[in-house]
Amino acid sequence: MSPPARAPRLGAAAIAVGAALAAGLAAMLIHARAGRAEADRPAARQARAAIVGLTGSPDLALSSASRWLRHPSLSEPGAAFADAPAMPDTDPAGAAIAAPRALFHGAARERLTVRRAHGAPR
Amino acid sequence: MKRHRALLAHALGALVRRRGRNAAVAVGLALVVALFTAVLFLGDALRAEVEAGARHVPDLAVQRLVAGRPALVPTDAARAVAAIPGVRTVTPRVWGYLYAPPISANVTVLGATGREALPPAVVAGRALRPGERGACVLGAALADALGVRVGDEIALAGNAGADAVRVLRVVGTFHDASALRTADLLVTSDTDARALLGVAEGFVTDLAVALSTPDEARVATDKIARLIPGARVVDKQRLRRAYALTLDGRSGLLTAALLPALAALLLLAWDRLTGLSEAERRELGVLKAVGWEVRDVLTARLWESALVAFAGATVGVLVAYVYVFVAQAPGLAGALFGWSALHPPLRLTPQVDAAQTLALVAGVAVPFIAVGLVPAWRAATLDPDRALRGQA
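Not measured: the values here are computed from a predicted model. Per chain, residue numbering runs from 1 following the sequence as it is written. Chains and ligands are labelled by the order in which they are written, letters from A for the one and numbers from 1 for the other. In view of the model being predicted, local features appear only for residues whose pLDDT reaches at least 70, and side-chain atom pairs are presented and counted only at 80 or more, with totals across whole chains, interfaces and linings using the full set of residues.

*Asks:* Looking at this structure, I do not really get the overall build of chain B. What am I missing?
*Replies:* Helix and strand counts for chain B come out as 14 helices and 14 strands. For the radius of gyration, the atoms used are the C-alpha atoms, and the globule rule reads 2.2 Å times the number of residues raised to 0.38. Computed over the C-alpha atoms, the radius of gyration of chain B is 31 Å, more than 25% above the 21 Å expected from 2.2 N^0.38 for a compact globule of 392 residues. Expressed along its principal axes, the backbone C-alpha trace of chain B runs to roughly 95 × 50 × 40 Å. The way it works is that DSSP assigns letters per residue, a run of H or I at least four long becomes a helix, a run of E at least two long becomes a strand, and they are numbered from the N terminus.

This is the structure we're talking about:
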């Protein structure tokens, strides 16, 4: 094939590939938007509110192997480590889901009082 | 413009001439981008799902801890909490976990007396009737695992053993659309839930508290803590914030773990772009000899890198989207489900928008093009005479 004949065909192929990729991205964005619209329908919102109202927690039923994976928001901070301090969670899902530890930051209601043996508090 | 079109045409020709090398780099780039993006898409979708539900949780959930473990809350505590100024309603809840040996799975048992009403769209069959006993509504995954349909009866042995066997009629199953929240649920009356879970009369699992003014959660929390020894109060606002932080942190951690893969790919790209083959050297020598300037060669090489980078990154984003939202993330979903025998289909709502997509593609393509800059400059500054003679 001579170079002059090849260049327009290459250009057309490149434009086709580019257009296909752009169309793919556009289809992805349209699909995502439709998914959000579907989840935001009044009926879907009402169903979600009813179920969360019934279960009383926002937790997803992704794993029911352990209570701290099923209900991370309602499990106490040490739930995964109840059998031994700082014990690693043996369930693989423990790496992805776990009690939201930040929930306990600033949750202390009582101050810790320390009486020093010598001198003023440091 | 004309010059750029000509250089782009040359870059396209070069892409085809070196198709093996360019395809390998584009496929590698697409793979790394797909991995990165899948984690990002999954994290965003899960965060949005939790956030959508968190709006409807009670203002406070009151639990009790004894020796660092959850303990039952005396029902009397509900009356005491209800008397606190600013508390609108207190709902004592009976719920817990029941291991079902036939399916080797933990079932979440929920007593729903007083909260039976559900929109018809949520269940196949019907919801529980007010005060109805001996009946249950099951999550779709649980019903599938047990092999039961609406109208069947199941005999479940409770936590208290053979004495606590309850026969429940399945009056409804939750639709798949709500499976993310209901997959492992068994909703029944408080009485049946107590029997299955072994929760004695006079005690409940926890209290759901609604406040007249949600902003006063902190004050109410302090008062409840004084009323109930060992109380642990989960505040709605803090819970929402904590969930967002946790999911951000965990998906961030996974993304960080993938960074070496991207670094390795960029290194590979650098290596590939730096090493000029004999044919490339001759090609550059000819181009320089016929009058191409340094900037022409540089621009053509950058066009070549840009085409590979944008194509690879775009394909990666598309693959990630299909992987997460169409194929339901096989592999990553397995990590989320862990050893759980009951889990829902991972049907998540995509949170992807145009700005995020653009940022993703550009965020990968720009460093990739930048990596090719120095090799492109080296190629552009080759001495044509030496290049044509095949000397370095």
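Next comes the rest of the write-up.
*Asks:* Could you clarify how one ought to interpret the overall build of chain A in this entry?
*Replies:* For chain A, the count of helices and strands is 3 helices and 0 strands. Going from the N terminus to the C terminus, chain A shows its helices and strands as α-α-α. Residue burial is a threshold on neighbouring C-beta atoms within 10 Å of the residue's own C-beta, all placed from the backbone, with 20 or more meaning buried, 12 or fewer meaning exposed, and counts in between meaning partly exposed. With 122 residues in all, chain A has 33% of them scored as buried. Here contacts are defined at the residue level, using C-beta atoms placed from the backbone and a cut-off of 7 Å between them. Put simply, of all contacts in chain A between residues at least 6 apart along the chain, 40% involve residues at least 24 apart.

*Asks:* Sorry if this is basic, but what is going on with the packing of helix α10 (residues 294-326) of chain B against helix α13 (residues 373-380) of chain B here?
*Replies:* In a packed pair of helices, the relevant descriptors are the angle between the two axes and the axis-to-axis distance. Residue and element names in this part refer to chain B. Axis definition: a line fitted to C-alpha atoms, over the contacting stretch in the case of helices. Angles run 0 to 180 degrees between N-to-C directions. Relative to each other, α10 and α13 sit at 140°, their axes nearing to 8 Å. Classified by chirality, the crossing of α13 by α10 is right-handed. Listed contacts from α13 to Val294, Val297, Leu298, Arg301 and Leu302 of α10 are Ala376, Trp377, Ala379 and Ala380. For this classification, the nonpolar set comprises Ala, Val, Leu, Ile, Met, Phe, Trp, Tyr, Cys and Pro, the charged set comprises Asp, Glu, Lys and Arg, and every other residue, Gly included, is treated as polar. In terms of residue class, the contact of α10 with α13 is built from 8 nonpolar, no polar and 1 charged. Crossing handedness follows the turn of the near helix against the far one: under a right angle anticlockwise gives a left-handed crossing, and clockwise gives a right-handed one.

*Asks:* It is not clear to me how helix α1 (residues 2-17) of chain B should be interpreted in this structure. Could you clarify?
*Replies:* In an α-helix, one turn spans 3.6 residues; hence positions three or four apart end up facing the same way. Between the first and last C-alpha of α1 of chain B there are 23 Å, a value that for 16 residues agrees with the 22 Å anticipated at 1.5 Å per step. Three or more residues of α1 of chain B are buried, namely Leu7, His10, Ala11, Leu12 and Leu15 of chain B. In this scheme, a helix's expected span is set at 1.5 Å multiplied by one less than its residue total.

*Asks:* Help me understand the environment of alanine 261 of chain B in this model?
*Replies:* Of note, alanine 261 of chain B is situated in helix α8 (residues 236-274). Setting aside chain neighbours within four positions, we find alanine 261 of chain B in contact with Val32 and Leu35 of chain B.

*Asks:* I keep staring at the pairing of strand β11 (residues 185-188) of chain B and nothing clicks. Help me out?
*Replies:* Residue and element names in this part refer to chain B. Burial along β11 is two-sided: Leu185 and Val187 facing one way and Leu186 and Thr188 facing the other are all buried. Pairing between two strands requires that DSSP report at least two bridges joining them. Summarising the sheet, strand β6 (residues 105-111) and β11 pair through 4 bridges and their orientation is parallel. Residue pairing for β11: glycine 111 is matched across the bridge by threonine 188. Bridge analysis of strand β8 (residues 135-138) against β11 gives 2 bridges, and the strand direction is antiparallel. In the sheet register, valine 137 faces β11, and the bridge partner there is valine 187.

*Asks:* I would appreciate a short explanation of the interface of chain B and chain A in the present structure.
*Replies:* Accessible area lost upon the coming together of the parts serves often as the stated size of an interface. Tallying the contact residues gives 67 residues for chain B and 54 residues for chain A. Looking at the side of chain B that touches chain A, the element that brings in the most residues is α8 of chain B, giving 7 residues. A per-class count over the side of chain B that touches chain A returns 41 nonpolar, 16 polar and 10 charged.

*Asks:* I keep staring at the environment of alanine 83 of chain B and nothing clicks. Help me out?
*Replies:* Residues and elements named next belong to chain B. Residue position: alanine 83 is located in the loop between α3 (76-82) and β4 (87-93). Judged by the 11 C-beta atoms lying within 10 Å of it, alanine 83 is exposed. A C-alpha to C-alpha distance of 64 Å links alanine 83 and glycine 28, two positions 55 residues apart in sequence.

*Asks:* What am I meant to see in the environment of alanine 78 of chain B here?
*Replies:* Among the secondary structure elements, alanine 78 of chain B is positioned in helix α3. When residues no more than four places from it in sequence are discounted, the contact partners of alanine 78 of chain B are Val90, Pro92 and Leu207 of chain B.

*Asks:* Would you take a moment to explain unusual backbone geometry for this structure?
*Replies:* For residues that are not glycine, phi is negative in most cases, and the peptide bond is trans in most cases. Residues and elements named next belong to chain B. Although it is not a glycine, serine 104 sits at a positive phi angle of roughly 50°. Looking at the element boundaries, serine 104 is found in the loop between β5 (95-100) and β6. With a phi angle near 60°, glutamine 328 is a residue other than glycine that sits in the positive phi range. On the secondary structure map, glutamine 328 appears in the loop between α10 and α11 (332-337). Using a count of 14 C-beta atoms within 10 Å as the deciding quantity, one classes glutamine 328 as partly exposed.

*Asks:* Explain the confidence of the model for chain A to me, please; I cannot follow it from the model alone.
*Replies:* Detailed conclusions should not be drawn from predicted coordinates in areas where pLDDT is low. For every residue, the pLDDT score states the predictor's confidence, bounded by 0 at the bottom and 100 at the top. For chain A, the average pLDDT comes to 77, and 66% of its residues sit at 70 or higher. The least confident element of chain A, judged by mean pLDDT, is helix α3 (residues 67-70) of chain A at 85; the most confident is helix α2 (residues 42-55) of chain A at 92.

*Asks:* Hey, could you run me through the confidence of the model for chain B in this one?
*Replies:* Summing up the model confidence of chain B, the mean pLDDT is 87 and the portion of residues at 70 or higher is 96%. Scored as a complex, the prediction yields pTM 0.84 and ipTM 0.83.

*Asks:* What is the right way to read the nonpolar core from this model?
*Replies:* The tendency in soluble globular proteins is for nonpolar side chains to be buried as a group. Structurally, a nonpolar core is described as a collection of buried Ala, Val, Leu, Ile, Met, Phe, Trp, Tyr and Cys residues joined by way of C-beta atoms within 7 Å. Counting 141 residues, the largest nonpolar core has Leu29, Ala38, Val62 and Leu142 of chain B as its most contacted members. Of the residues forming this core, the biggest block, 18 residues, is contributed by helix α2 (residues 19-54) of chain B.

*Asks:* Would you explain the packing of α10 of chain B against helix α12 (residues 354-371) of chain B in this entry?
*Replies:* Residues and elements named next belong to chain B. Between α10 and α12, whose axes approach to 9 Å, the crossing angle comes to 145°. Relative to α12, α10 is oriented so that their crossing is right-handed. Facing α10, whose interface residues are Leu302, Ser305, Ala306, Ala309, Phe310, Ala313, Thr314 and Val317, α12 presents Thr357, Leu360, Val361, Val364, Ala365, Phe368 and Ile369. Classifying every residue of the contact of α10 with α12 gives 12 nonpolar, 3 polar and no charged.

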